[in-house]
Amino acid sequence: MLSPKDSLLGKQLSQYVCVRVVRLDDVNVGLFERDWNNAIYFFMLNADEQIYMRYGGRESASPDTYNNMESLEVALKQGLVLHDQYLKGEWKAPEPPKPLYPREMPLLVERTFARHACVECHLIGDFQNLQREQDGVLDKLTHLYRSPDIKTIGIWLDVPKGLVVKEAKGAVAAAGMKPGDRIASWDGTPVWTFGDVQYRFDKVDRRAKELHIGVERDGHATELSVALPPRWWWTDLTFRQSSVDPRTDFSDRPLTDEEKAKLGLKADGFASQVKYVAEFAKIRGAHELKVGDIIVAVDGVERDEFANTADLFIKLRKKAGDSAMLDVIRDGKRVQMKLNTHVLSFRK
Amino acid sequence: MWTQLGVLAALAGSMACMAQDNDITWLDYREGLRVAKATHKPIFLEFRCEA
């Protein structure tokens, strides 16, 4: 029994009306907008459908990193505080997002409702991106690379304590964040949970150079201006099994400046070394790359505003199913080879 | 964590309007809104993929 009435969690949950949604057919997904690749996710809200906070979210490496009973208890406690403010008329409701219902999504109607299949959470995100791609409005930096990783800017949380910082490194350390700080706002919006932080981080313009994080330290509020590092939005897409990104059947690492200089390559180019080739790459006819190959150019292009590897360049600039010509250095010789990307088929 | 929460949630079993989960009663969305309005309680809403 994980939630008996006499446990803290049980006592907290008894003060809430508990609601479960397992299919999204008639849900206002505009109101509950989130990263739809989370298999489980929570909201605390009131009867007027005003959202207090979110609980959930994951990093690419694991679905479990940011979620445990202790942090859920912290969130539930804060939810009751905000609800009390709401009942007293002291809580300022956020502007409600534009409503959106699954039946308004043509691809979902065509491929899921028509088959009487379950409208699963991930399908909302999958079909939103497919529709954006069809309509020519897919911004891969924003729509494909969802939920940026807070570790990229140097935040390691003391997860059982909610938004208390365990370690501050890199960009946030340079901005003055310290262990023990409690993150209180993200670009001016109050945050209470990792779910809130991840949702707010996802809303930051991918071309932004700076981010404002409010922290509480020793009872005082401080705002930190964080200089965002290059590719702060990048995450490993592997766990997103129904993504629209072109699958390349290899992974790579950026060459160092020294390695580029030694090979006579452009310092600001995205030359990269292949570090993994998928088992079925050759069978699938994807390419004939080998581990250790250095990819210098894709379709003659050697540099990009955002990409620091050939794989990232292809993911950002090509559509799933596109082909490309690679310039590759293998055993000291420069050769060309074709790459055929493929579409990851949807499960449903 | 999700395993634990999954157990917590899975004990409810079905999609019935009112499902008993240990000591927790889980409602569907519309019923949850109605009860929250009547009791002045906040809502703890779970989205959960059962596929």
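In every chain, residue numbers begin from 1 and rise along the written sequence. Each chain takes a letter, starting from A, and each ligand takes a number, starting from 1, following the order in which they are written. Where local features are concerned, this predicted model is filtered to residues with pLDDT of at least 70; where side-chain atom pairs are given and counted, the filter is 80 or more; whole-chain, interface and lining totals use all residues. Side-chain figures throughout are based on the complete set of non-hydrogen atoms in the structure, without hydrogens or water.

1. Structural notes on the overall build of chain A
Going along the chain from the N terminus, every DSSP run of H or I of four or more residues is numbered as a helix, and every run of E of two or more is numbered as a strand. Helix and strand counts for chain A come out as ten helices and 14 strands. In this treatment the radius of gyration is a C-alpha quantity, and the globule benchmark scales as 2.2 Å times the residue count to the 0.38 power. Relative to the 2.2 N^0.38 estimate, which gives 20 Å for 348 residues, the radius of gyration of chain A is 23 Å and therefore close to what a compact globule would have. The principal-axis extent of the C-alpha atoms belonging to chain A is close to 70 × 55 × 40 Å. Each residue gets one of three labels from its accessible area relative to the maximum for its type: buried under 20%, exposed over 50%, partly exposed in between, using a 1.4 Å probe on protein chains only. For chain A, the proportion of its 348 residues judged to be buried stands at 53%.

2. Side note on the overall build of chain B
Each helix and strand in chain B was counted, giving two helices and three strands. Along chain B, from the amino end to the carboxyl end, the secondary structure elements read α-β-β-α-β. For chain B, buried positions account for 47% of its 51 residues. Contacts in chain B between residues far apart in sequence, at least 24 positions, make up 16% of those at least 6 positions apart. Computed with the Shrake-Rupley method and a 1.4 Å probe, the accessible areas treat only the protein chains shown as cover for residues. Accessible surface for chain B amounts to roughly 2,500 Å². Of this, 57% is attributable to carbon and sulfur atoms. Residue contacts are defined here by distance: any two heavy atoms, one from each residue, within 4.5 Å place the two residues in contact.

3. Examining the layout of surface pockets
All names here are of chain A. A 1.4 Å probe that fits but cannot get out identifies a cavity on a 1 Å grid over protein atoms alone, an open set with protein on both sides within 12 Å along at least five of seven lines counts as a pocket, and a residue lines either if it has an atom within 4 Å of a point. Grid points are joined across faces, edges and corners, and a volume is the space filled by probe spheres set on the points. Looking at the largest pocket, its volume works out to about 680 Å³. Listing elements by their share of the lining of the largest pocket, those giving two or more residues are β10 (250–254), β11 (272–277) and α10 (310–317). Counting residues per element, the lining of the largest pocket draws most heavily on β10, at five residues. Taken as a whole, the second largest pocket encloses approximately 580 Å³ of empty space. I51, Y52, W91, P94 and R200 are, among the 22 residues lining the second largest pocket, the residues nearest its centre. Elements represented by at least two residues in the lining of the second largest pocket include exactly β3 (51–56), α2 (69–87), β7 (189–190) and α7 (194–202). Ranked by the residues each element gives to the lining of the second largest pocket, the list is headed by β3, at four residues. Under this grouping Gly is polar, as are all residues other than the nonpolar Ala, Val, Leu, Ile, Met, Phe, Trp, Tyr, Cys and Pro and the charged Asp, Glu, Lys and Arg. Residue composition of the lining of the second largest pocket, by class: 13 nonpolar, three polar and six charged.

4. Digging into the sheet that holds strand β12 (residues 294–298) of chain A
Residue and element names in this part refer to chain A. Taken together, the five strands give an open sheet; going across it, the order is β10-β11-β12-β13-β14, and neighbouring strands pair in antiparallel fashion. Bordering the open sheet on either side are β10 and β14 (333–340), each of which pairs with just one other strand. Taken pair by pair, the neighbouring strands of this sheet meet at an average axis angle of 40°, ignoring direction. Summarising the sheet, β10 and β11 pair through five bridges and their orientation is antiparallel. Bridging from a neighbouring strand, S251 pairs with Y276 of β11. DSSP-based pairing: two strands are paired if at least 2 bridges between them are found. Angles here are taken between N-to-C directions and fall from 0 to 180 degrees, while the axes themselves are lines fitted to C-alpha atoms, restricted in helices to the stretch in contact.

5. Description of the sheet that holds strand β8 (residues 210–217) of chain A
Residues and elements named next belong to chain A. Across the sheet, four strands lie side by side as β7-β6-β8-β9; this open sheet has antiparallel pairing. In this open sheet, the two strands that pair with only one neighbour each are β7 and β9 (220–227). Sheet topology note: the strand β6 (residues 182–186)/β8 ladder contains four bridges and is antiparallel. Note on β8: the bridge partner recorded for R182 is E216. In the packing of α7 onto the sheet, contacts are made with β6, β7 and β8, and the angle to β6 comes to roughly 35°.

6. Some remarks on the nonpolar core
Of all hydrophobic cores here, the largest spans 84 residues; its most connected members are I153(A), I183(A), W186(A) and I213(A). For I153(A), the residues in contact, after removing those within four places along its chain, are K169(A), G170(A), A171(A), V172(A), W186(A), F201(A), L211(A), I213(A), L228(A), P229(A) and W232(A). As used in this record, nonpolar core signifies buried Ala, Val, Leu, Ile, Met, Phe, Trp, Tyr and Cys residues forming a set joined through side-chain atoms within 4.5 Å. Counting residues in each nonpolar core, the second largest holds 19 residues, with Y16(A), C18(A), W91(A) and I24(B) among its members.

7. Observations regarding the interface of chain A and chain B
Tallying the contact residues gives 49 residues for chain A and 36 residues for chain B. Between chain A and chain B the total buried area reaches about 4,200 Å² when both faces are included, carbon and sulfur atoms providing 66% of it. Simply put, the buried area is the total loss of 1.4 Å probe accessible area from both parts when two parts are fitted together. Interface area lost by chain A to chain B is led by V17(A), V19(A) and R20(A), which between them contribute 20%. Any carboxyl oxygen of Asp or Glu within 4 Å of a side-chain nitrogen of Lys or Arg constitutes a salt bridge here. For the interface between chain A and chain B, the tally reads two salt bridges. Linking D48(A) and K37(B) is a salt bridge whose minimum nitrogen-to-oxygen distance equals 3.7 Å. Counted as a polar contact is a pair of N or O atoms within 3.5 Å, where, for protein atoms, one must be capable of donating a hydrogen and the other of accepting one, and residues adjacent in sequence contribute only when both atoms are in side chains. At the boundary of chain A and chain B, one finds 15 residue pairs in polar contact (both at pLDDT 80 or more). Contributions of two or more residues to the side of chain A that touches chain B are made by α1 (8–13), β1 (17–21), β2 (40–45), β3 and α2 of chain A. Grouping the constituent residues of the side of chain A that touches chain B by class yields 32 nonpolar, eight polar and nine charged. Direction of pairing for β2(A) relative to strand β3 (residues 43–48) of chain B: antiparallel, over a ladder of six bridges. For I40(A), the partnering residue across the bridge sits in β3(B) and is R48(B).

8. Focus on empty space enclosed by the protein
All names here are of chain A. Counted according to the given criterion, the structure contains five cavities of 30 Å³ or more. In this structure, the largest cavity spans a volume of roughly 180 Å³. For the largest cavity, the lining is made up of 16 residues, of which N37, G125, D126, N129 and H143 are closest to its centre. When residues in the lining of the largest cavity are grouped by element, the largest group, six residues, is from helix α4 (residues 121–135). By residue class, the composition of the lining of the largest cavity is three nonpolar, eight polar and five charged.

9. Side note on α4(A)
Residue and element names in this part refer to chain A. Given a helix with a known number of residues, its expected span is that number minus one, times 1.5 Å. The end-to-end C-alpha distance of α4 is 22 Å, a good match for the 21 Å that 15 residues give at a rise of 1.5 Å each. Counting buried residues in α4 gives twelve out of 15 residues, a clear majority hidden from the surface. Those residues of α4 lying buried are C121, H122, L123, I124, G125, D126, F127, Q128, N129, L130, Q131 and E133. Count one or two residues on from α4 and you reach G136, which has phi positive near 75°.

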